[in-house]
Amino acid sequence: DEGLKNVEEYVIIPDGAFLESTTTAITLKADAGSAGTIDLSTSEAWTATSSETWLTVSPASGTGISDIIVTAEANTVTSTRTATVTLTPTGSATGLTPIDVTVTQDAFVPSIAVDPASLTFAKEGGSETIAVTANVSWTATSDATWATVSPASGTNDGTITVSVEANTAAEARSAVITITDDDDATTTTVNVTQAGAEEDPVTLLFPGSDFNNWSAFTSSLIGNVILGTESANGGIGGSGALLLNGQ
């Protein structure tokens, strides 16, 4: 009413009451379970509350000096986020000023790494593995039908098996295995090379000057070798010359 206009409100704080903290801010990593400590020095009962559900406090209340642990859930977005922890006196010392502590959590940084960065196969083909180190879900693809991947997708760390068919062509061939972050399309690649199907070279051991069985030698030859009909002197018994026509 009109008679109370000039009445001031006073807050009475008990002698010796205090509420203090040297912690003003905390930075946490993006990982789940990242934690920090708020030191609280007080003569009073108190409560601790978080402004965000992703950040928990423990203990949430108490009396006197305490260390309060703040723990964050994983930050799955690529930007930092912030919460405020408020320390509030209760009971007879409600006139003490609450303390706010700012907690900032780092942004999530997606990553995919592979080992090895390249694979080499013989012409016969076969299977090799790629180790994937990741903190995201990913998809694996091949740009060649003769090189397949399994599994074609995964989450976090995993192993990809690359299976390569036999190469029946003379030329070597190559393929690229691509591992893609499902969220932001970041990619990493593994190069695959395979040898061609060219026939291995054939080594022929020719007879020396003491050779005396030309027919047995020529009959043992295999492959695309055509023998000439020429003769040459120098071998025992006038052994004939070897004329190669073809491969």
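About the criteria used
Residues numbered from 1 in each chain as written. Predicted model: local features only at pLDDT ≥ 70, side-chain atom pairs only at ≥ 80, totals over all residues. Heavy atoms only, no water. Phe/Tyr/Trp six-rings, centres within 6.5 Å; stacked < 30°, edge-to-face > 60°. Lys NZ or Arg CZ within 6 Å of the ring centre and 35° of its normal. Pairing = 2+ DSSP bridges. Helix = DSSP H or I, 4+ residues; strand = E, 2+ residues; numbered from the N terminus. Buried < 20%, exposed > 50% of the residue type's maximum accessible area, 1.4 Å probe, protein only. pLDDT = per-residue confidence, 0-100. Contact = heavy atoms within 4.5 Å. Axes fitted to C-alpha atoms, helices over the stretch in contact; angles between N-to-C directions. Polar contact = N/O pair within 3.5 Å; in protein donor to acceptor, adjacent residues only side chain to side chain.

### Considering the packing of aromatic side chains
Stage number 1. Inspection of every chain in the model, using the stated rule, returns 0 aromatic pairs.
Stage number 2. Taking the ring centre of tryptophan 146 as reference, the NZ or CZ of arginine 173 above it sits at 4.1 Å.

### Focus on the sheet that holds strand S3 (residues 35-42)
Stage number 1. In space, the 4 strands of this open sheet follow the order S1-S3-S7-S5, with antiparallel pairing throughout. Of all strands in the sheet, those with a lone pairing partner are strand S1 (19-20) and strand S5 (55-58), marking the two edges.
Stage number 2. Pairing between S3 and strand S7 (residues 66-72): 6 bridges, direction antiparallel. The residue bridging glycine 36 from the neighbouring strand is valine 70, located in S7.

### Looking at unusual backbone geometry
Stage number 1. Residue proline 59 is bonded to the preceding serine 58 through a cis peptide linkage, with omega at 0°.
Stage number 2. The residue proline 59 is located in the loop between S5 and strand S6 (61-63) in this model.
Stage number 3. Its identity is not glycine, yet asparagine 156 carries a phi of approximately 60°, on the positive side.
Stage number 4. Mapped onto the fold, asparagine 156 is located in the loop between strand S15 (153-155) and strand S16 (158-164).
Stage number 5. Its identity is not glycine, yet alanine 185 carries a phi of approximately 65°, on the positive side.
Stage number 6. Relative to the elements of secondary structure, alanine 185 occurs in the loop between strand S17 (173-181) and strand S18 (187-194).

### Some thoughts on the pairing of strand S10 (residues 112-115)
Stage number 1. Burial along S10 is one-sided: Ile112 and Val114 are buried, and none of Ala113 and Asp115, which face the opposite way, are.
Stage number 2. Inspection of the sheet shows S10 paired to strand S12 (residues 126-134) by 4 bridges, in the antiparallel sense. What sits directly across from alanine 113, in S12, is threonine 133.

### Some thoughts on the confidence of the model for the chain
Stage number 1. With 74% of its residues at a pLDDT of 70 or more, the chain has an overall mean of 84.
Stage number 2. Here residues 229-240 is a poorly scored stretch, pLDDT under 50, and it has 17 contacts once near neighbours within four places are set aside; other chains count.
Stage number 3. Throughout residues 243-247 the model reports pLDDT below 50, and contacts reaching past four residues in sequence, or to other chains, amount to 11 contacts.

### Overview of the sheet that holds S10
Two strands in a sheet stick together by hydrogen bonds in their backbones, pointing the same way (parallel) or opposite ways (antiparallel).
Stage number 1. Across the sheet, 4 strands lie side by side as S10-S12-S16-S14; this open sheet has antiparallel pairing. Looking at which strands have only one partner, the edges of the open sheet turn out to be S10 and strand S14 (147-150). The mean inter-strand angle of the sheet, taken between neighbouring strand axes irrespective of direction, is 25°.

### A closer look at the environment of threonine 23
Stage number 1. Here threonine 23 is to be found in the loop between S1 and strand S2 (25-28).
Stage number 2. When its relative accessible area of 11% is taken as the criterion, threonine 23 is described as buried.
Stage number 3. Put simply, threonine 23 and threonine 102 are 79 residues apart on the chain and 9.1 Å apart in space, counted from C-alpha to C-alpha.
Stage number 4. If sequence neighbours within four positions are ignored, threonine 23 has contacts with Thr37, Ile38, Asp39 and Val101.
Stage number 5. A distance of 2.7 Å separates polar atoms of two side chains, one belonging to threonine 23 and the other to aspartate 39.

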